[in-house]
Amino acid sequence: SDPDVVELFALIHDHCRENETDDPGHGPRAAAEVEGLLADVGIKRNADQLKKLKYAMKKHDRGEVSTDPTIGACWDSDRLDLIRVGIVPVAKYLSTAFAKGRIVHV
């Protein structure tokens with residue numbers, strides 16, 4: 001995976017979220033703004049990195065999984081953090097074996 005893309009995703013994928021519960025448009029809104037946001041703070045990434053970052057942001061709340069290690073790591077990191085809003089991660093919504101091994105069964 002590309003650690004630069006995963007790090008940027010972790011930092012900004014929810015920056016357009018309007019609330020902490022139901023906001024289905026926040027991913028596409030964030031993806032639409034990401035290039036301008038990065039430019040504003042002087043962060044440059046190549047075209048492939050931007051494409052992956054935008055895709056990961058746009059689709060991160062759709063419940064999809066990915067075989068792409070970078071996109072999978074982005075989505076899994078977000079899903080493993082859903083416990084903060086009372087959602088327990090489910091293995092079928094995780095892309096990587098690493099993330100699946102992190103699910104705590106109560």
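Shown above is the structure to which this text applies.
Per-chain numbering applies: the sequence of each chain, read as written, is numbered from 1 onward. Given that this is a predicted model, residues contribute local features only at a pLDDT of at least 70 and side-chain atom pairs are listed and counted only at 80 or more, while totals for whole chains, interfaces and linings are drawn from all residues. Calculation of side-chain values draws on the structure's entire complement of heavy atoms; hydrogens and water are dropped beforehand.

1. Examining the overall build of the protein chain
The way it works is that DSSP assigns letters per residue, a run of H or I at least four long becomes a helix, a run of E at least two long becomes a strand, and they are numbered from the N terminus. Looking only at helices and strands, the protein chain features five helices and zero strands. Along the protein chain, helices and strands appear, N-terminal first, in the series α-α-α-α-α. Here the globule rule reads 2.2 Å times residues to the power 0.38, and the radius of gyration is calculated from C-alpha atoms. Relative to the globule expectation of 13 Å for 106 residues, the C-alpha radius of gyration of the protein chain, 14 Å, shows essentially globular dimensions. Taking the principal axes of the C-alpha coordinates as reference, the protein chain spans close to 45 × 30 × 20 Å. The 106 residues of the protein chain split such that 33% are buried. Each accessible area is a Shrake-Rupley estimate made with a 1.4 Å probe; only the visible protein chains count as cover when residues are assessed. Only carbon and sulfur atoms are counted for the fraction: they give 56% of the accessible area of the protein chain, which is about 6400 Å². This count recognises Lys and Arg as positive and Asp and Glu as negative, with His and chain-terminal groups excluded. Where a charge lies is defined by one atom per residue type: Lys uses NZ, Arg uses CZ, Asp uses CG and Glu uses CD. The averaged location of the 18 negative side-chain charges in the protein chain is 5 Å from the averaged location of its 15 positive side-chain charges. In this scheme, a residue with accessible area under 20% of its type's maximum is buried, one over 50% is exposed, and one in between is partly exposed, where area comes from a 1.4 Å probe on protein chains only.

2. Some words on the nonpolar core
Ranked by size, the top nonpolar core spans 17 residues in total, and within it Phe-9, Leu-38, Leu-53, Met-57 and Cys-74 carry the most contacts. For this core, the leading source of residues is helix H1 (residues 3-12), giving five residues. Whether two residues are in contact is decided by their heavy atoms: any pair within 4.5 Å suffices. With sequence-adjacent residues up to four places away left out, Leu-38 is seen in contact with Leu-8, Ile-12, Ile-43, Leu-50 and Leu-53. The definition of a nonpolar core used throughout is a set of buried Ala, Val, Leu, Ile, Met, Phe, Trp, Tyr and Cys residues joined through side-chain atoms within 4.5 Å.

3. Description of helix H4 (residues 69-80)
Helix length check: H4, at 12 residues, gives a terminal C-alpha distance of 16 Å against a target of 16 Å (1.5 Å per residue), a fit within 8%. By the burial criterion, the buried members of H4 are Thr-70, Ile-71, Gly-72, Cys-74, Trp-75, Asp-76, Asp-78 and Arg-79. Where H4 is buried, its residues touch H1, helix H3 (47-59) and helix H5 (97-100). In protein, a polar contact requires one atom able to donate a hydrogen and another able to accept it; more generally it is a pair of N or O atoms within 3.5 Å, and residues adjacent in sequence count only if both atoms are side-chain atoms. Of the residues that open H4, the one with a side-chain oxygen 2.9 Å from the backbone nitrogen of Thr-70 is Asp-68. The span one expects for a helix is its residue count, reduced by one, times 1.5 Å.

4. Let's talk about the layout of surface pockets
Over the atoms, a rolling probe the size of a water molecule traces out where space has been left empty. Only protein atoms enter the 1 Å grid used here. Points where a 1.4 Å probe fits but cannot escape make up a cavity, open sets with protein on both sides within 12 Å along at least five of seven lines make up a pocket, and a residue lines them when an atom lies within 4 Å of a point. Grid points are joined across faces, edges and corners, and a volume is the space filled by probe spheres set on the points. Here the largest pocket is characterised by a volume of approximately 460 Å³. For this scheme, ten residues count as nonpolar: Ala, Val, Leu, Ile, Met, Phe, Trp, Tyr, Cys and Pro. Four count as charged, namely Asp, Glu, Lys and Arg, and the remainder, Gly too, count as polar. Class assignment of the residues belonging to the lining of the largest pocket gives a composition of nine nonpolar, four polar and 10 charged.

5. Focus: the side chain of Thr-70
Summarising the element assignment, Thr-70 is placed in helix H4. Taking the relative accessible area as the measure of exposure, Thr-70 reaches 3% and is therefore buried. The contacts of Thr-70, once residues within four sequence positions are left out, are Ser-1, Asp-2, Val-5, Val-6 and Lys-52.

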